[in-house]
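A structural walkthrough
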Amino acid sequence: MIEKLTTHTWIEEKIFYPAAREAAPDTKDHVLESIEEHHVVLWMQSELKDLDAADERFDAKMSVLMENVRHHVEEEEKEWFPDVRKAMGRNRLAELGEQMEAAKKRAPGEPLAVPSAKH
């Protein structure tokens, strides 16, 4: 789970967010907020990856991580992805999807290797 979520986060930051800001400049504040949400999620993941599932804090940390991710996804999907979809159009989105898929091979598996973890 941590590796998949880290890969997704890295791809969004490296490929999707810059393209979204270019196509729909009004999404700048949403993108910046999403990057800050990534920061929190990445640090939580870095704590979870070395925490034994039997640790009494594990379930609580996992619950908070899930809440943060759900909030992040809901905000993106409802508040600003529609503007990006409209601004980019079907062909550009398909092209971007291919770039994002190809980038999975380059993505780090370590949460703290994602740029927003350092801010």
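Remember, predicted model here, so these are calculated numbers, not experimental data.

Thresholds, definitions, all that
Residues numbered from 1 in each chain as written. Predicted model: local features only at pLDDT ≥ 70, side-chain atom pairs only at ≥ 80, totals over all residues. Heavy atoms only, no water. Helix = DSSP H or I, 4+ residues; strand = E, 2+ residues; numbered from the N terminus. Rg over C-alpha atoms; globule rule 2.2 N^0.38 Å. Buried < 20%, exposed > 50% of the residue type's maximum accessible area, 1.4 Å probe, protein only. Core = buried A, V, L, I, M, F, W, Y, C linked by side-chain atoms within 4.5 Å. Expected span 1.5 Å × (residues − 1). Bend = angle between axes of the 7 residues up to and from the residue. Axes fitted to C-alpha atoms, helices over the stretch in contact; angles between N-to-C directions. Parallel < 35°, antiparallel > 145°, perpendicular 65-115°, else oblique. Left-handed = near helix turned anticlockwise from the far one by under 90°. Contact = heavy atoms within 4.5 Å. Nonpolar A, V, L, I, M, F, W, Y, C, P; charged D, E, K, R; others polar.

Here we look at the overall build of the protein
Each helix and strand in the protein was counted, giving three helices and zero strands. When the helices and strands of the protein are read in sequence order from the N terminus, they spell out α-α-α. The C-alpha radius of gyration computed for the protein amounts to 15 Å, which stays within 12% of the reference 14 Å derived for 119 residues, consistent with globular compactness. C-alpha atoms of the protein, sized along the principal axes, occupy 45 × 30 × 25 Å. Put simply, the protein has 119 residues, and 39% of those count as buried.

Focus on the nonpolar core
Of all hydrophobic cores here, the largest spans 21 residues; its most connected members are Trp 10, Phe 16, Tyr 17, Trp 80, Val 84, Leu 96 and Met 100. Only α1 (2-23), α2 (28-49) and α3 (58-103) provide two or more residues apiece to this core. Listed in part, the nine residues of the second largest apolar core include Leu 5, Leu 48, Leu 51 and Phe 58.

Structural notes on α3
The terminal C-alpha atoms of α3 lie 31 Å apart, and with 46 residues this falls more than 12% below the ideal 68 Å at 1.5 Å per residue. Helix geometry: α3 is bent most strongly at Gly 89, by close to 105°.

Considering the packing of α1 against α2
One can describe the packing of α1 onto α2 by two numbers: an axis separation of 11 Å at closest approach and a directional angle of 165°. One finds that α1 runs roughly antiparallel with respect to α2. The two elements α1 and α2 cross, and the hand of that crossing is left-handed. Contact residues: α1 offers Ile 2, Leu 5, Thr 6, Thr 9, Glu 12, Glu 13, Tyr 17 and Arg 21, while α2 offers Lys 28, Val 31, Leu 32, Ser 34, Ile 35, His 38, Val 41, Leu 42, Gln 45, Leu 48 and Lys 49. Of the residues in the contact of α1 with α2, the class split is nine nonpolar, five polar and five charged.

Focus on α2
If you check α2, its first and last C-alpha atoms are 31 Å apart, about what 22 residues at 1.5 Å a residue would give, namely 32 Å. If you check which residues of α2 are buried, you get Val 31, Ser 34, Ile 35, Glu 37, His 38, Val 41, Leu 42, Met 44, Gln 45, Ser 46 and Leu 48. Buried residues along α2 sit against α1 and α3.

So, to be careful, I would describe these as geometric facts and stop short of saying anything about function.
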